[in-house]
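Below are the chains, spelled out letter by letter.
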Amino acid sequence: MCLVIAQQAPRRAVVVLVLLGALAALVAPAALAHEATPTGVQRIELDLGARELALTITAPPGGGGRLPVVVLPRGDAPPGEVQLAAVRPGGVPADPVAVPVAPVGQPREVALSADAPGAWEVTVADGTTVARVPITVAVPASTPGWVWAVRVGALLGVVALVAALTPSARQRPRVAIGLGAVALVGLTVAGTAVATAPSSAPTTPTAAPAPVTAPPAGGHAGHGGGAPTAPTPMPMTSGSVVATASTATPASPGAPVDLVLDLTDSSTGARVDDLAIHDDALVHLAVIGPDRQLAHVHPVRTAPGRYVVRLTPGAAGRYGVFAEMERAGDGGHQVARTAFEVPGPSVPAAPAPGPGPREAAGMQVDVAVPEAVAGRPTSVVATFGQGGRQVTDLQGWLGMAGHLMVLGPGLGGTPDPVDPASAFGHVHDMGAPGPAGTHGPRVSFEHTFPRAGRYQLWVQVQRGWQVVTVPVTVDVTPAAAPAP
Ligand SMILES: [Cu+2]
């Protein structure tokens, strides 16, 4: 008898080990699925005061935790630092982290913390304005029912099987058969649960801010200019977002002024605060002056539905404002037009040169527009050179090799930024970068000019962390009338 037990003991140990291994194999995938919450990385451009910053924000995993933010200064940022914090919506930043914003092109990483699920804001303050970037921390994925079925079924099955193999059970066949049946049921439940388990898809933290339609929080708006004065707000709708532009203080040519953009919903009148980041910004703003100078900027969100950006108007007159945005959900891409005025005597704008060679930012730029006919796809190609050599170190900007901004003719036949008849367009060169991660010497675009007349184009690229803007005038001819 002792000999039999001695021989059976190792065999039982092997069986138990195999079964425990099977149990672990069954339970492990469920555990992995539970913990594999993906993290969301989002890039966003902020024009905060005089600074251009590119932020890379990595949302914490479900439930909250470490929130790394990389700050990359661009443009000609003045030396200094900005203060970063993570707060609940509208909250006052406590214990902000100082980040140097010089030199340009030097990224710095800071680790913030958002320790609970829900809506948060990453605040970036420059001492005057507090930018608030909305982020969402997902609720941790709960353990699904099928995982519990695997765990309970496998445990029950293994325990019953081990018990059925004990000598005492084997001496009582009915007990052994009963335990065997329990083991079979348990393992079948576990196996069925694994086979029918849905593919794991934990809740993903997204860039989409929680829709908030409260009026701007005066105390926390973070905008230093107080209540904005509105020289000539001129709301116009495009889609369902109404944009209203005003200046925080009276504007005058040559003086920096904060432009305040308020977004409301045309059907409800509520503030629009459900914008999703698209092409690295919440709002892409084209501000076109009476002198036909373009500022393509990315205003910072200072309160729900309120965006602020600093501009230096070059001339007196009326400025056209084109706000490109995407609402979360199925809101789609839309452009809201508005305008504001810089008081003073206005001077007629001289048209930009047509296609051909010109200088820009120390480079020779040759712009080719072979044949511009209304209603037909037209190519616009800009080739960059310097000192007789091709320029191949253009940096991508907003995820693109280049941007082409287009303003069409108004009722007067020439581009007029405040005439609703002037069509606005924004086209991308989405060419892949070369081996060095840069672009050039060519950027090319394709655009269909909707009707004949004079258009103002601006080709935009980035080099040395500076945006280079090349204005071009293009006359679009009417499509030939069909033969009678
Ligand atoms: Cu933009």
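Residues numbered from 1 in each chain as written. Predicted model: local features only at pLDDT ≥ 70, side-chain atom pairs only at ≥ 80, totals over all residues. Heavy atoms only, no water.

(A) Local environment of the coordination of the copper ion. Donor atoms from the polypeptide that bind the copper ion are His284 (ND1), His296 (NE2) and His298 (NE2), placed at 1.9 to 2.1 Å. Site description for the copper ion: donor spacing in sequence, H-x11-H-x1-H. Separated by twelve residues along the polypeptide, His284 in strand β13 (residues 284-288) and His296 in strand β14 (residues 294-297) bring together distant segments of the chain. Taking relative accessible area as the criterion, His284 reaches 2% and is therefore assigned buried. (Donors = N, O, S within 2.8 Å, 3.2 Å for Na, K, Ca; no water. Helix = DSSP H or I, 4+ residues; strand = E, 2+ residues; numbered from the N terminus. Buried < 20%, exposed > 50% of the residue type's maximum accessible area, 1.4 Å probe, protein only.)

(B) The arrangement of the packing of aromatic side chains in detail. Using the criterion set out here, one finds three aromatic pairs in the structure. For the ring pair Phe322 and Phe424, a centre distance of 4.5 Å and an interplane angle of 10 degrees mean the geometry is stacked. Here Phe322, found in strand β17 (residues 317-327), pairs with Phe424, found in strand β24 (residues 424-429); they are 102 residues apart in sequence, far enough to count as distant. With a relative accessible area of 1%, Phe322 lands in the buried category. Relative to Tyr455, the ring of Phe449 lies with its centre 4.7 Å away and its plane at 65 degrees, an arrangement referred to as edge-to-face. (Phe/Tyr/Trp six-rings, centres within 6.5 Å; stacked < 30°, edge-to-face > 60°.)

(C) Looking closely at the pattern of salt bridges. All told, the structure shown has 16 salt bridges when counted by the stated rule. Two residues, Arg310 and Asp258, come together in a salt bridge whose shortest N-O distance is 2.9 Å. With Arg310 in strand β16 (residues 306-311) and Asp258 in strand β11 (residues 257-265), this pair connects stretches of sequence that are 52 residues apart. Arg310 gets classed as partly exposed once you look at its relative accessible area, which sits at 29%. Where Arg454 meets Asp475, a salt bridge forms, and the shortest distance between an N and an O atom there is 2.8 Å. Of the two residues, Arg454 sits in strand β26 (residues 453-463) while Asp475 sits in strand β27 (residues 466-476), which places them 21 residues apart along the sequence. Taken together, the shared-partner salt bridges in this structure form one network comprising Arg43, Glu45, Glu52, Arg74 and Asp280. (Salt bridge = Lys/Arg side-chain N within 4 Å of Asp/Glu carboxyl O.)

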